[in-house]
Amino acid sequence: MFKGTVLVVDDDGFFRAICSDILKSGDYYVLTASSGQEALGIMEQNGSIDLVVTDLVMPGMDGLELIEKTKHHNALIDGIVITGQGTIETAVAALKAGAFDYINKPINGDELLLSVDRCMEKRRLLQENAEMRRSLQLFEVTKAVTAVLDINRLYGISLDALQQIIHADAGMAAFYENNMKALDIKALRHIPINEGAAIVEAFRQDFEKSLLAAKGISLLPVSEGMSGAFKGYGSIAVSPVLKAGAVAGFLILLSRKGADALGRGEMKNAEFVAGHISQAFENALKYVEAKEMAFVDSLTNLYNGKYLDSTLEKELKRADRMMRPVTVLFMDLDNFKRINDTNDHLVGSKVLIEVARVLMQNVRDVDTVVRYGGDEYVAILIDADYSNAMMVAERIRRSVEETAFLKDEGRDIRVTISIGVASYPVHGQDKKELLKTADRAMYSAKEQSRNRVVLAPLPEK
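Since the structure is predicted, the reported quantities are computational estimates derived from the model, not experimental observations.

Each value, and the rule that gives it
- Residues numbered from 1 in each chain as written.
- Predicted model: local features only at pLDDT ≥ 70, side-chain atom pairs only at ≥ 80, totals over all residues.
- Heavy atoms only, no water.
- Helix = DSSP H or I, 4+ residues; strand = E, 2+ residues; numbered from the N terminus.
- Expected span 1.5 Å × (residues − 1).
- Buried < 20%, exposed > 50% of the residue type's maximum accessible area, 1.4 Å probe, protein only.
- Arc of directions from axis to C-beta.
- Polar contact = N/O pair within 3.5 Å; in protein donor to acceptor, adjacent residues only side chain to side chain.
- Axes fitted to C-alpha atoms, helices over the stretch in contact; angles between N-to-C directions.
- Parallel < 35°, antiparallel > 145°, perpendicular 65-115°, else oblique.
- Left-handed = near helix turned anticlockwise from the far one by under 90°.
- Contact = heavy atoms within 4.5 Å.
- Pairing = 2+ DSSP bridges.

**Considerations on helix α5 (residues 109–128)**
For α5, which comprises 20 residues, the first-to-last C-alpha distance of 28 Å matches the rise-based estimate of 28 Å (1.5 Å per residue) to within 8%. Looking only at α5, the buried set comprises Leu 112, Leu 113, Ser 115, Val 116, Cys 119, Met 120, Arg 123 and Leu 126. For α5, the buried positions fall inside an angular range of 160° around the axis, keeping them on one side. Facing away from the buried surface of α5 by more than 90 degrees, the exposed residues are Asp 110, Leu 114 and Glu 128. One side-chain oxygen of the residue at the start of α5 lies 3.0 Å from the amide nitrogen of Asp 110, identifying that residue as Asn 108.

See the structure below:
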């Protein structure tokens, strides 16, 4: 008689075979997968898996990510991580991700079986104590949700968390966009996108208005008079997600069973998880706001130099993937010190703010404008070669020259700008070289006459 079901995951077929033989000798039923993605598919189809034994280093999804996603799928599936590159740091990371244990290669059969036996003994004790098992599941589910600060990941993870408690057949996360004028589908489980859109439309017609005032989970029976989009389902569980006390969206779970199939204990647990989900969204929003504040210049509301460093790196990698150019404009106001000396620093600050507006008016939404420091600005023009960028730079130069700054205050302050242009990969192979080249071109504009655009010298062929 088998002691339990173990899923062994590794891209190395030899390791899978060795691990399988060891576990089979210990009376375990073994399944294998060659990747994290394949393992998740097996777990989706097989509801009897007790334990995942995974290598740490694998192409695509590594072992830590697999353990994390396993917990999102089913918080009660345990994990053991095996690696040949073991350190204290990786061991701690594995345990934080939710692993039960961490074993170094080369594999020792007795050590592996001892770890698996200990894990299964813990599971047996939990099976015997239903209340403890429920408590552990709630702990693991809420831990998985509240640990996520990326809102884009949180939609699906929250849906999976609630589905572990309610055990629905399908579900979706639908959140408001455009000042609550539309419910946008953010995650789907076991529903094709076209059916999901029909369900959202039916939800808005039949339930939305009444559920906007709901603070807890609503369990709704599907009746004959309801939209055909709900055909085949017996009940709908709807959990509003709150941000700052207002409904920001809904987690909608659909079950083929009737509304009476969900017991009071399950509803209580689902409400507990739903409360943590709303708190997780609050935390994620605060994190986004704090992150944005760290990257925003407090005077002009443009991005700052910290943001330039990270976003330029990202855009250069994107340019490599898409085989498209990226061009940097390095801009500096001419004789700006004279404005401060003639007026005062408050006037100078207001001019910097209005210059930022002029710059934003002359680039596309996909481009990025940064206040680099003082009266220096940098623009990142994506998918733009140096010839197109020169036209954008000239438009900026002309607009700055022709603008009467602080006109609303009865002033007519004039300023000009010098711009250096450098394009990737023509003028530089990394972000540091690209910025330095654009900066040198800007100083060349200053030396020639100011109030002009200069393209960095093209490399000789």
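There is more to say, and it comes next.
**Points about the packing of helix α1 (residues 13–25) against α5**
Between α1 and α5, the least distance of the axes is 10 Å, while the angle of their chain directions is 60°. As the angle between them shows, α1 and α5 are arranged oblique. Here the hand of the crossing between α1 and α5 comes out right-handed. Contacts from Cys 19, Ile 22, Leu 23 and Ser 25 of α1 reach α5 at Gly 109, Leu 112, Leu 113 and Val 116.

**Focus: the sheet that holds strand β15 (residues 453–455)**
Taken together, five strands build an open sheet; the order of strands is β12-β13-β11-β14-β15 and the sheet is mixed. This sheet does not close on itself; its edge strands, each paired only once, are β12 (368–373) and β15. The mean inter-strand angle of the sheet, taken between neighbouring strand axes irrespective of direction, is 20°. Note: strand β14 (residues 417–424) against β15, three bridges, orientation parallel. In the sheet register, Val 421 faces β15, and the bridge partner there is Leu 455. Across the sheet, helix α14 (residues 386–402) touches β11 (326–333), β13 (376–382), β14 and β15, and the angle it forms with β14 is around 165°. Where helix α15 (residues 431–448) meets the sheet, its contacts fall on β11, β13, β14 and β15, and the angle it forms with β14 comes to roughly 145°.

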